[in-house]
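A look at the structure
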Amino acid sequence: MITAILLGTGFSIAAGAAAAAEMSIGLAVPLSGKDAMLGEQLQAGVETAAANHAGATVTLETADSGCTADGGAKAARQFVDARVGAVVGFLCTEAIEAALPILKEANIPVITPGVRANSLTDKRYKTGWPVYRLAPRDDEESKAVVAILTKRWADKLFAIIDDGTIYGRELSENFRLAAEQAGLKPVFTDNYRPQMDNQIGLVGRLKKAGAEYVFAGGDRTDIAVIGRDAAKLGLKLIIAGGEALRAEPGDVPLARGTLMIGLPDWSVSDDRTALFQLAADDIAPEGYVLPGYAALQIAASALAQQDAQKNFRKRIETTSFDTAIGPIRFDDKGDITGNPYRLYEWDGNSFVEVR
């Protein structure tokens, strides 16, 4: 019995025969246009993981998938011609949906760290697409808001507001409906005009309603302004928002104690080996860098076995993978199990997870 170990990843993979000396993995990234910066992050993470993989040599076949259907289909045909064992990447729905029928025909599975569209995996039983994703589904953020706040605010005087955008309205409306189904009634609901210099009028209405907590479906700039104006009017208000709060700071700082339901900050990964390897190449662990690193870890692990292509699906759906972004398991639709969103509190400098 020969055991192949991926150093620094936590994987220990037993195989009935020695692993192949080389494995070929496709990398689909947008290399030009408005998404090129995100593509560069993904590429940096995947290439670093491949270069530091112990055991079989990982050869990457890189293709520009763009964010178009044409780009995705062209990339898929390149991967088929190169006879890769698996593909990691894709950041846009249009590209991956065009690529998957071609890759399915060639029995080439895909691990994507970037596409969130629910339909990608909801259609799995109909399409048979061999796709697995590290990115959360589109509806996971809303589910997390509901699960976290209905529990924490069950005995609180809370309000629900939004900025009228599709994103803000869906978050706030889903929370409102779930709260009412749980027997909770907000003391105030309203929407507000975004990008205003002040929100004194809105805060005045919140104060009159007796709100002590408020969920705001909106962006970081507006939530910062609401927090500032609440302090001006002497209203002790705890504001919660979604992952839009991870945006770059604006002119108005967030109020200390602002809550965010968001994804973990992968740049503070517990995988010190991955961070050391990235630092050695002067790569900042931002954006898609560590998710890309993790996608390569999983693909390499699933391929490092006897009859890898034949048993890839069974392997990936029955294994817990220890990766640079934590333990990962997939369900039989190809989604990660468990909701990755967590509750964080702004301490004046950064978001700190609330345990």
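A short tour of the structure in this document, coming up. (Residues numbered from 1 in each chain as written. Predicted model: local features only at pLDDT ≥ 70, side-chain atom pairs only at ≥ 80, totals over all residues. Heavy atoms only, no water.)

What to know about the packing of helix α8 (residues 200-209) against helix α9 (residues 220-232)
To keep things clear, this is the line we draw: Angular values range over 0 to 180 degrees, each being the angle between N-to-C directions of two axes fitted as lines to C-alpha atoms, with helices fitted over their stretch in contact. The way it works is that DSSP assigns letters per residue, a run of H or I at least four long becomes a helix, a run of E at least two long becomes a strand, and they are numbered from the N terminus. Convention used here: angles under 35 degrees read as roughly parallel, angles over 145 as roughly antiparallel, angles from 65 to 115 as roughly perpendicular, and any remaining angle as oblique. By convention the crossing between two helices is left-handed if the near helix lies anticlockwise of the far one by an angle smaller than a right angle, and right-handed if it lies clockwise. Residues are treated as being in contact if the distance between any of their heavy atoms lies within 4.5 Å.
Between α8 and α9, whose axes approach to 9 Å, the crossing angle comes to 60 degrees. The pairing of α8 with α9 is recorded here as oblique in orientation. Of the two elements, α8 crosses α9, and the hand of that crossing is right-handed. From α8, Ile200, Leu202 and Val203 reach across to α9, where they touch Ile226, Asp229 and Ala230.

Remarks on the pattern of salt bridges
We count it as follows: Whenever Lys or Arg places a side-chain nitrogen within 4 Å of a carboxyl oxygen from Asp or Glu, that contact is recorded as a salt bridge. Burial classes follow relative accessibility: with a 1.4 Å probe on protein chains only, a residue under 20% of its type's maximum area counts as buried, one over 50% as exposed, and anything between as partly exposed.
Summed over all chains, the structure comprises 16 salt bridges. Note that Arg124 is salt-bridged to Glu317, the shortest N-O span being 3.0 Å. Of this pair, Arg124 sits in helix α5 (residues 124-127) while Glu317 sits in helix α12 (residues 308-317), and the two are 193 residues apart along the sequence. Like Arg124, the residue Glu317 is buried in the burial classification.

Here's the deal with the sheet that holds strand β4 (residues 57-64)
Rule in force here: By the convention used here, strands pair only if DSSP detects at least 2 bridges between them.
Read across the sheet, 5 strands follow the order β4-β3-β5-β6-β7 without closing on themselves; strand pairing throughout is parallel. Looking at the sheet topology across the chains shown, the edges are occupied by β4 and β7 (131-133). The average angle at which neighbouring strand axes cross in this sheet is 25 degrees, direction not considered. Two strands pair when backbone bridges link them, and strand β5 (residues 86-89) and strand β6 (residues 110-112) are joined in this way by 2 bridges, in the parallel orientation. Paired with Val87 across the bridge in β6 is Val110. Packed on one face of the sheet, helix α3 (residues 93-105) meets β5, β6 and β7 and runs near 160 degrees to β6. Relative to strand β3 (residues 22-29), helix α11 (residues 289-303) is tilted by about 145 degrees, and along the sheet it contacts β3, β4, β5 and β6.

Notes on the nonpolar core
Under the convention used in this document: Only buried Ala, Val, Leu, Ile, Met, Phe, Trp, Tyr and Cys residues count toward a nonpolar core, and they belong to the same one when joined by side-chain atoms within 4.5 Å.
Within the largest apolar cluster, 41 residues are counted, with the highest numbers of intra-cluster contacts made by Ile111, Leu134 and Phe330. At the level of elements, β3, α1 (36-51), β5, α10 (272-280), α11 and α12 are the ones that each hand at least two residues to this core. Tallying contributions element by element places α11 first for this core, with 11 residues. Sequence-distant contacts of Leu134, that is, excluding residues within four places in its chain, are made with Ile111, Thr112, Pro113, Pro291, Ala294, Ala295, Ile298, Ile325, Ile328, Phe330 and Ile336.

Notes on the environment of Lys104
With respect to the helices and strands, the residue Lys104 is situated in helix α3. Classification of Lys104 as partly exposed rests on a relative accessible area of 40%. Each C-alpha atom, one on Lys104 and one on Pro186, is 48 Å from the other, the two residues being 82 residues apart in sequence. For Lys104, the residues in contact, after removing those within four places along its chain, are Thr127, Gly128, Trp129 and Pro130.

Thoughts on the state of the cysteines
Such a bond, covalent and formed between the sulfur atoms of two cysteines, is termed a disulfide. Our working rule: A pair of sulfur atoms, both from cysteines and within 2.5 Å, is called a disulfide here.
For the coordinates displayed, the defined rule picks out 1 disulfide. Two residues share a disulfide in this structure: Cys67 and Cys92, whose sulfurs sit 1.7 Å from each other. One end of the pair, Cys67, is in the loop between β4 and α2 (69-82); the other, Cys92, is in the loop between β5 and α3, and 25 residues separate them in sequence. By relative accessible area, Cys67 is classed as partly exposed at 22%. Using a relative accessible area of 12% as the deciding quantity, one classes Cys92 as buried.

Comments concerning the sheet that holds strand β16 (residues 351-353)
In spatial order, the strands read β9-β8-β10-β11-β12-β15-β16; together these 7 strands make up an open sheet with mixed pairing. What marks the edges here is a single partner per strand, and that holds for β9 (188-191) and β16. Each adjacent strand pair in this sheet contributes to an overall mean axis angle of 25 degrees, direction not counted. Relative to β16, strand β15 (residues 342-346) runs antiparallel, the two being bridged by 3 bridges. For Glu345, the partnering residue across the bridge sits in β16 and is Val352. In the packing of helix α7 (residues 166-181) onto the sheet, the strands contacted are β8 (158-162), β9 and β10 (213-217), and the crossing angle to β8 comes to about 150 degrees. Across the sheet, α9 touches β8, β10, β11 (238-241), β15 and β16, and the angle it forms with β11 is around 175 degrees.

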